[in-house]
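Close look at the chain arrangement
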Amino acid sequence: MAGSERSPLLTYRLCSSTSVEEPGPAAARGSRKLRTFLGVVVPTLLSMFSVVLFLRLGQTMGSSFQVLPRSYWYELLYGTALLLVCLLVCLVGASIYAKATFLIFLIVMLVLVTVFVSFFAVGPTVVPLPQGNGSLAVNGSFTGFRLATLRGNLAAAYGVDYTTGRLMSFSTVFAVMFNGCTGIMAGSNMSGDLKRPSYSIPRGTIAAVLFTYVIYNLLAVTLCCTCDRTLLQKDYGFLRDINIWPPFVIIGIYSSTLSASMSNLIGASRILYALAKDDIFGEALTPAKKTSRGGNPWVAVILSWVLVQLVLFSGKLNTIAAIVTIFFLLVYATIDLACLALEWASAPNFRPTFQYFTWHTCVLGILGCGVMMFLISPIYASASMAFMLLLLLALHYLSPSSSWGYISQALIFHQVRKYLLMLDVRKEHVKFWRPQMLLMVQNPRSSIQLISFINDLKKSGLYVLGHVELAELDSLPSDPLQTHADSWLLLVDRLNVKAFVNLTLANSVRHGVQQLLFISGLGGMRPNTIVLGFYDGTVPQDRLARHPAFEGSEETALLSFPPVRGPTAPRRLSPQEYVAVVADAVKMLRNVMLARSFEHFDKARAPAIDVWPLNLLRPDSARYADTCSLFLLQMACVLSMARSWRRAQLRLFLCVETGARTRGQEDKLRQLLKELRIQAAIHMVPWDAVVALHWQKQQEQRARPVEATMNFPGNATCISDEYLKAANRLILEQSPSPTIRFLYLPRPPADTSLYPSYLHQLELLTRDLGPTLLVHGISAVTSTEL
C-alpha cells in the first residue's frame with residue numbers, strides 16, 4: 001500500500017478507541033464525554049421513574065401536609081420556575097447536566113429505599129383522604145402485608161379519577177402508566193454527547209429498563225398487599241403518608257421531576273438540533289443549527305423550552321396523558337417499522353447486537369403499538385397519524401438530497417432485484433411490449449429538446465441516456481467518468497425525466513455504442529431501441545442555460561459538460577462510422593431511430609403527429625403492413641398516449657398512384673387501424689409525378705451495359721437525387737409544419753462502401769422537414785388480441 005493512500009479500515013481501527021462516528025468540528029468532538037452510566041442509564045432511569053412513580057403517585061391536590069399554596073396558577077408558577085432551572089442547566093451543557101442528574105439519581109435511589117423499607121417498618125395506619133376527591137369515605141387504610149388486602153385489589157373495579165372527574169378504564173390507566181416507559185429513549189437522545197454511542201445506548205438502555213421493570217413490579221405487588229382499594233384510588237399522594245419520614249417523598253418528588261424535566265428538555269433539544277443540522281425540513285429549522293463554542297445547541301434548547309412551557313398550561317398529567325402516550329406509541333411503532341424494513345431489506349450493515357432481535361418482534365411491536373393507540377383514543381390516534389403524514393409530506397418536499405442514507409433505497413433495491421429475477425425474457429409477449437430506449441447523447445448542451453422528447457416516447461418503459469467518452473483507460477490515472485456522473489444525474493433531476501445514465505469509455509464511438517448495447521439494462525429490462533441524433537452539417541447550439549429548468553440557476557456552473565462543437569471543430573465520427581453504428585444496432589436486433597432537426601422542436605405548439613409509413617427509398621416495393629411500418633405506427637401511437645400529447649392529432653399519409661385501387665388500400669388500412677385500436681386520420685396522397693422520377697431512373701439503369709452497373713451494386717444507386725427532392729417537397733406540401741414527423745428508415749445496405757450514399761439519401765429526404773424521426777423497426781410490437 002502506498003504511503004499516500006488511506007485505508008478506511010485502518011482509519012476505523014485507529015479511531016475506534018474514541019468514536020466510530022464521522023469526526024466533526026473540534027468543538028463537537030470535545031463534547032462527546034459521557035459514558036454508559038451517566039449518559040444512558042441515569043437519564044433513562046430517572047425519566048422512567050419520575051413520570052409515573054413520583055409525579056403520578058406523589059401529588060398531594062388538598063392533603064393535610066401542604067407547604068406551598070395550591071391552585072392552577074400557583075402550580076403553573078411552580079412548573080415555570082422549575083422549567084427555568086432546567087433551562088439554565090441545559091444551556092450550560094451536557095457535562096453539568098450529567099453531574100446534576102447523577103446527584104439526583106442518588107437522592108431518588110435513597111427515597112426508593114425508604115419507600116420499600118416503609119412497607120415493612122410502618123404498622124397499619126389510617127390515612128386521611130384529600131378533600132374534594134368525590135369519595136364518601138374520608139379515610140383510607142394502610143393494612144400492612146395481608147392476604148385479604150391482596151385479594152381485594154386483584155379484581156378490576158375502575159372508578160372516577162378525582163383529579164379530572166372522568167371514569168377510568170383499562171385504556172386510560174394504560175395511557176397514564178405507559179408514561180413510565182417513555183423515558184426509554186432518553187439515552188438515545190443523548191447520542192451526540194456519548195463517547196461511544198453504539199456501545200452505550202443498547203447496554204445502558206436495556207440495563208435501565210430491566211431495573212425499572214423490577215422496581216415497578218415490586219412496587220405494584222407491595223402496594224396491592226398493603227393498601228386498600230380506597231386509598232389507592234382516592235389519594236395519589238399516599239406514599240408520603242406511609243413513609244417512615246414523610247419529607248423523603250417530597251424530596252424525591254421534586255428531585256426526580258426536576259431530573260425528568262432536564263432529561264426531556266435536553267433530549268428534545270438534541271433531536272431538534274439533529275433535524276436542523278441534517279436539513280430534514282429544509283430552511284425551516286435553520287436557527288436551531290446554532291451552537292455555542294463548546295458545541296451546545298443553545299437555540300434548540302430555547303425552542304424546546306418554549307414548547308415545554310406551552311405544555312405546562314394543561315395543568316394535570318391525566319389531561320395530556322392520552323396524547324403523550326399516543327405520540328410515544330407512534331414513535332415506537334415507527335422505530336419498529338424502521339428495524340423491520342432494514343431486516344426485510346437484508347442490508348449487510350444492519351447487524352443488531354441484541355441476540356433476541358427478529359422481524360417477528362418488530363411486527364409484534366408495531367401491532368401492539370397500533371392496537372393500543374386506538375384503544376386509548378381512536379380520535380387522538382387518527383389525528384396523530386394524520387399529523388405524521390403531514391410531517392412526511394413536509395419531509396418529502398422540503399428535505400434536500402443528503403448522504404446520511406434512506407431506508408427506502410435499501411427496500412427498493414431488495415424488491416427490484418427480486419422482481420428483476422422474476423422478469424423472465426422467455427415469457428415476454430407482444431401484447432405487453434413497450435419501448436425501452438437507449439438515447440446516445442454526445443453533449444447534453446445541444447440535446448435538451450431530444451432528451452425531453454424521448455422521455456415522452458418511452459411510455460413507462462426503460463429510458464437510458466448513453467454517452468461515450470473517447471479515451472484509453474490505460475493512459476489515464478483514474479476513471480474520468482466518475483467525475484462526470486454527478487453532472488448527468490443533476491441533468492436528469494432538473495429536466496424531470498425518468499431516465500438512467502450509462503457512461504462508457506472507448507477508443508471509438510462505434511465501439512462505445514456496441515458496449516452500451518451489450519451491457520445496458522438487467523435481465524428483462526434491456527434497451528430494445530436505440531436513438532441517435534442525425535448526422536448532418538448543422539452546427540450544434542448550446543441551449544442548456546436558456547432552458548427553463550436551468551435558467552437563472554447557479555447549478556448550471558456545476559455541470560461538467562464541455563462546450564458545444566464549433567463550426568470548424570473536427571467531428572468525433574465519420575459518416576461511414578455513423579452508418580456502421582446503425583448497422584450494428586440492426587445486427588443486434590435493436591430497433592433504430594434517427595432524430596433530425598430537434599433543435600427546432602417546440603412542445604408548446606399545438607401537437608400534431610404525421611406518419612409516413614412508406615419506405616420512400618424503395619417505392620417499387622412499398623408495403624404498409626411490414627414489420628417496420630407497423631413499428632413506426634406503434635411508436636406514433638405510443639407518443640399520442642403520453643399525457644402531454646393526448647390532444648395531438650395523429651395523421652397517417654397513404655401514398656397512392658392514379659388508377660390504382662386506392663379505395664381498397666384505404667379500406668384495408670382502416671381495418672388494420674381498427675384491429676390495432678389506433679385512432680388516426682388517413683390522408684390519401686397522389687404521388688404519380690414523384691414516383692415517375694423513380695421509374696425513369698430504373699429504366700436508365702437497365703439500359704446501361706452490365707459492365708457499367710457492376711461498379712454500383714445494391715439498390716442505393718437506383719434512387720436519384722431528383723426523386724428524393726421531389727419526395728421531400730411532397731411531404732412539405734401535405735403537412736407544412738407538424739410538431740413531429742415519423743418516416744420509414746430502411747436498413748443500411750450490406751455493402752459498406754455504399755454507407756455515404758445511404759446517408760446522403762436520408763439527408764435529402766429529410767431536409768428542411770423540421771423535427772423528424774426516422775424509424776426502423778425489427779420487433780413485432782402489435783397484436784390484435786385483447
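About the criteria used
Throughout, a residue's number is its position along its own chain's written sequence, starting from 1. Local features are withheld for residues below a pLDDT of 70 in this predicted model, meaning they are given only at 70 or higher, and side-chain atom pairs are given and counted only at 80 or more; totals for whole chains, interfaces and linings count all residues. Values reported for side chains reflect all heavy atoms of the structure, with hydrogen atoms and water molecules removed beforehand. Patches here: salt-bridge-free residues with over 30% relative accessible area, like charges joined within 9 Å, nonpolar side chains (Val, Leu, Ile, Met, Phe, Trp, Tyr) joined within 5 Å. Here the accessible surface of atoms and residues is derived via Shrake-Rupley with a 1.4 Å probe, and residues count as covered only by protein chains that are part of the display. A pairing counts as a salt bridge when a side-chain nitrogen of Lys or Arg comes within 4 Å of a carboxyl oxygen of Asp or Glu. Comment: elements are numbered from the N terminus, with helices defined as DSSP H or I runs of at least four residues and strands as E runs of at least two. Any two strands with at least two DSSP-identified bridges between them are counted as paired. Comment: axis = line fitted to C-alpha atoms, over the contacting stretch for helices; angle = value between 0 and 180 degrees taken between N-to-C directions. Contacts are residue-level and defined by heavy atoms, with any inter-residue pair within 4.5 Å sufficient. Relative accessibility thresholds used throughout: buried, under 20% of the residue-type maximum; exposed, over 50%; partly exposed, between the two (1.4 Å probe, protein chains only). Here is the rule: rings of Phe, Tyr and Trp (six-membered ring for Trp) pair when centre to centre is within 6.5 Å. Planes less than 30 degrees apart are stacked, more than 60 are edge-to-face, and the remainder are tilted. Only when the NZ of Lys or the CZ of Arg is both within 6 Å of the ring centre and within 35 degrees of the ring normal is a charge said to sit over the ring. The scheme is simple: roughly parallel for angles under 35 degrees, roughly antiparallel for over 145, roughly perpendicular for 65 to 115, oblique for anything else. Two helices that cross are described as forming a left-handed crossing if the nearer one is turned anticlockwise from the farther one by less than a right angle, and a right-handed crossing if clockwise. Under the scheme applied here, ten amino acids are nonpolar (Ala, Val, Leu, Ile, Met, Phe, Trp, Tyr, Cys and Pro), four are charged (Asp, Glu, Lys and Arg), and all others, including Gly, are polar. Disulfide: a pair of cysteine sulfur atoms within 2.5 Å of each other. For the purposes of this section, nonpolar cores are sets of buried Ala, Val, Leu, Ile, Met, Phe, Trp, Tyr and Cys residues that join through side-chain atoms within 4.5 Å.

Section: a nonpolar patch on the surface
- A surface patch of nonpolar side chains, amounting to about 1,000 Å² of accessible area, comprises Ile-323, Phe-327, Ile-379, Tyr-380, Phe-387, Leu-390, Leu-391, Leu-393, Tyr-397 and Leu-398.
- Contributing elements (two or more residues each) for the nonpolar patch: helix 14 (317-345) and helix 16 (378-398).
- Top contributing element to the nonpolar patch by residue count: helix 16, with eight residues.
- Here Phe-327 is to be found in helix 14.

Points about the sheet that holds strand 10 (residues 681-686)
- Here ten strands make up an open sheet; going across it, the order is 5-4-3-6-7-12-11-8-9-10 and the pairing mixed. Single-partner strands in this sheet number two, and they are strand 5 (500-506) and strand 10. Sheet twist, expressed as the average angle between the axes of neighbouring strands with direction ignored, equals 25°.
- One ladder, built from four bridges, connects strand 3 (residues 437-440) with strand 4 (residues 463-470); its direction is parallel. Looking at strand 4, one finds that Leu-439 is bridged to Leu-465.
- In this fold helix 19 (residues 481-495) packs onto strand 4 and strand 5, with an angle of close to 150° to the strand it touches most, strand 5.

Looking at the pattern of salt bridges
- Taken as a whole, this structure holds nine salt bridges when the rule is applied.
- For Asp-241, the salt bridge identified is with Arg-240, shortest N-O distance 2.8 Å.
- In this structure, the salt-bridge partner of Arg-670 is Glu-666, at a minimum N-O distance of 2.8 Å. With Arg-670 and Glu-666 both in helix 23 (residues 662-676) and four residues apart, the pair spans about one turn of that helix.
- Given a relative accessible area of 40%, Arg-670 falls into the partly exposed group.
- For Glu-666, a relative accessible area of 12% puts it in the buried group.
- Residues joined by salt bridges that share partners form a network here, namely Asp-536, Arg-596, Glu-763 and Arg-767.

A look at the environment of Ala-608
- Along the polypeptide, Ala-608 turns up in strand 8 (residues 608-612).
- According to the relative accessible area criterion, Ala-608 is buried, its value standing at 12%.
- Residues Ala-608 and Arg-647, spaced 39 residues apart in sequence, show a C-alpha to C-alpha distance of 8.5 Å.
- Non-local contacts of Ala-608, meaning those with residues more than four positions away in its chain, are made with Ala-648, Gln-649, Arg-651, Pro-738, Thr-739 and Ile-740.

Examining the packing of aromatic side chains
- Throughout the structure, instances matching the rule amount to 21 aromatic pairs.
- Aromatic side chains Phe-453 and Phe-598 sit 4.9 Å apart centroid to centroid with 50° between the ring planes, which places their arrangement in the tilted category. In this pair, Phe-453 sits in helix 18 (residues 448-457) while Phe-598 sits in the loop between strand 7 (591-596) and strand 8, placing the two residues 145 residues apart along the sequence.
- Relative accessible area serves as the criterion here: at 0%, Phe-453 is assigned to the buried category.
- With a centroid separation of 6.1 Å and 75° between ring planes, the pair formed by Phe-453 and Trp-645 is classed as edge-to-face. Linking Phe-453 in helix 18 with Trp-645 in the loop between helix 22 (627-641) and strand 9 (649-656), this pair joins segments that are 192 residues apart in sequence.
- Each member of the aromatic cluster is reached from another via a ring pair, and the members are Phe-453, Phe-598, Phe-601 and Trp-645.
- The cationic tip of Arg-196 hangs over the ring face of Tyr-199; the distance from NZ or CZ to the ring centre is 4.5 Å.

Some thoughts on the environment of Met-593
- Along the chain, Met-593 turns up in strand 7.
- Exposure remark for Met-593: the relative accessible area of 0% places this residue in the buried category.
- Taking the C-alpha atoms as reference, Met-593 lies 8.5 Å from Gly-533; in sequence the two are 60 residues apart.
- When residues no more than four places from it in sequence are discounted, the contact partners of Met-593 are Met-437, Leu-457, Thr-529, Ile-530, Val-531, Leu-532, Phe-631, Met-635, Leu-773, Leu-774 and Val-775.

What about unusual backbone geometry?
- Its identity as a non-glycine residue notwithstanding, Lys-459 has a phi of 50°, on the positive side.
- Inspection of the secondary structure assignment puts Lys-459 in the loop between helix 18 and strand 4.
- Given the relative accessible area of 32%, Lys-459 is considered partly exposed.
- Non-glycine residue Ser-597 carries a positive phi angle of around 65°.
- Tracing the backbone through its elements, the reader meets Ser-597 in the loop between strand 7 and strand 8.
- You can call Ser-597 buried: its relative accessible area is 14%.

A closer look at the pairing of strand 5
- Judged by how many residues are buried, strand 5 sits mostly within the fold: five of seven residues are covered.
- Two elements, strand 4 and strand 5, share seven bridges in a ladder whose sense is parallel. Each residue of the ladder has a partner; that of His-467, found in strand 5, is Leu-503.

Notes on the packing of helix 12 (residues 247-277) against helix 13 (residues 298-311)
- It is the contact of helix 12 with helix 13, at a shortest axis distance of 8 Å, that shows an interaxial angle of 125°. Overall, the two elements helix 12 and helix 13 adopt an arrangement that is oblique. For the pair helix 12 and helix 13, the crossing hand works out as right-handed. Two secondary-structure elements touch here, helix 12 through Leu-265, Ala-268, Ser-269, Arg-270, Leu-272 and Tyr-273 and helix 13 through Ala-300, Val-301, Leu-303, Ser-304, Trp-305 and Val-308.
- Residue classes in the contact of helix 12 with helix 13 are distributed as nine nonpolar, two polar and one charged.

Details of the state of the cysteines
- Tallied over the full model, the rule gives zero disulfides.
- The closest cysteine sulfur to the non-disulfide-bonded Cys-90 is located on Cys-86, 6.5 Å from its own sulfur.
- Take Cys-339: it sits in no disulfide, and the sulfur closest to it among the cysteines is that of Cys-362, at 5.2 Å.

Side note on the nonpolar core
- If you look at the biggest cluster of nonpolar residues, it comprises 117 residues, and the most contacted ones within it are Phe-453, Leu-457, Leu-594, Ile-609, Phe-742 and Leu-773.
- Among the elements that make up this core, the one with the highest residue count is helix 22 (nine residues).
- Not counting the four nearest positions on each side in its chain, Leu-594 is found in contact with Leu-532, Phe-534, Tyr-578, Val-582, Leu-745, Leu-762, Thr-772, Leu-773 and Leu-774.

None of the figures reported here should be taken as evidence of function without further support.
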